[in-house]
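# A closer look at the structure
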Amino acid sequence: HTSAIDKNLNLYGWGVNSNGVLGDNTTSSRNSPVLIDATVSWLNVQAGLNHTLALDYSNSLYAWGLNNAGQLGLSTTLNRFAITPFTSTLISSG
């Protein structure tokens, strides 16, 4: 799968959507970019093999996709098919 942020800071995803890696609340694969979220100003997104992580401009971290071993860091082992925020905000070390 592929994830991207456009010039308006909207989040898109496309490709194979096993385990909900696109974050569109489905497991349907997409042949072209699908708007995943336009309510948050996205700063960065990283597509892993079976999950996706994203950071917004307020430094909030989000994770979705396969979570069978708790790899999303959300204190559960439930897969997430939609973008799911962490309960805390990252603190810059800078």
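Check the entry above for the structure.
Reference entry: report on the structure contained in this document. Only a predicted model underlies this, so the values are computations on that prediction, with no experimental measurement involved. (Residues numbered from 1 in each chain as written. Predicted model: local features only at pLDDT ≥ 70, side-chain atom pairs only at ≥ 80, totals over all residues. Heavy atoms only, no water.)

Among the secondary structure elements, N79 is positioned in the loop between β6 (60-65) and β7 (80-89). The spacing of N79 and D6 is 73 residues in sequence and 26 Å in space, taken between C-alpha atoms. For N79, the contacting residues outside a window of four places in its chain are N19, G65, L66, N67 and N68. A distance of 2.8 Å separates a polar side-chain atom of N79 from the backbone nitrogen of N67. (Helix = DSSP H or I, 4+ residues; strand = E, 2+ residues; numbered from the N terminus. Contact = heavy atoms within 4.5 Å. Polar contact = N/O pair within 3.5 Å; in protein donor to acceptor, adjacent residues only side chain to side chain.)

Moving on, we come to the pattern of salt bridges. Here the structure, examined in full by the defined rule, presents one salt bridge. The partner of D24 in a salt bridge is R30, and the shortest N-O contact between them spans 2.7 Å. Classification of R30 by relative accessible area gives partly exposed; the value is 27%. (Salt bridge = Lys/Arg side-chain N within 4 Å of Asp/Glu carboxyl O. Buried < 20%, exposed > 50% of the residue type's maximum accessible area, 1.4 Å probe, protein only.)

Here we come to the sheet that holds strand β2 (residues 11-15). One open sheet accounts for three strands, arranged β1-β2-β3; its pairing is antiparallel. At either margin of the open sheet sits one strand with a lone partner, and together these are β1 (2-5) and β3 (30-37). Along the sheet, successive strands turn relative to each other by an average axial angle of 25 degrees, direction set aside. (Pairing = 2+ DSSP bridges. Axes fitted to C-alpha atoms, helices over the stretch in contact; angles between N-to-C directions.)

So, on to the nonpolar core. If you look at the biggest cluster of nonpolar residues, it comprises nine residues: L11, L22, I36, V40, W42, V45, A54, Y62 and W64. At the level of secondary structure, the elements contributing two or more residues to this core comprise β4 (42-47) and β6. Residues contacting I36, with those up to four places away along its chain left out, are L11, Y12, G13, L22, G23, D24 and I83. (Core = buried A, V, L, I, M, F, W, Y, C linked by side-chain atoms within 4.5 Å.)

Time to look at the pairing of β1. Note: β1 against β2, four bridges, orientation antiparallel. Bridge pairing in β2 links T2 to W14. Connecting β1 to the antiparallel partner β2 that follows it, the hairpin turn spans five residues, and L9 within it adopts a positive phi of roughly 70 degrees.

For the rest of this paragraph, the subject is the side chain of T52. Checked against the element boundaries, T52 lands in strand β5 (residues 51-56). Here the side chain of T52 touches V21 through a polar contact of 2.7 Å, landing on its backbone oxygen. When sequence neighbours within four positions are dropped, the list of residues in contact with T52 reads H1, S3, V21, V45, Q46, A47, Y62, A63 and W64.

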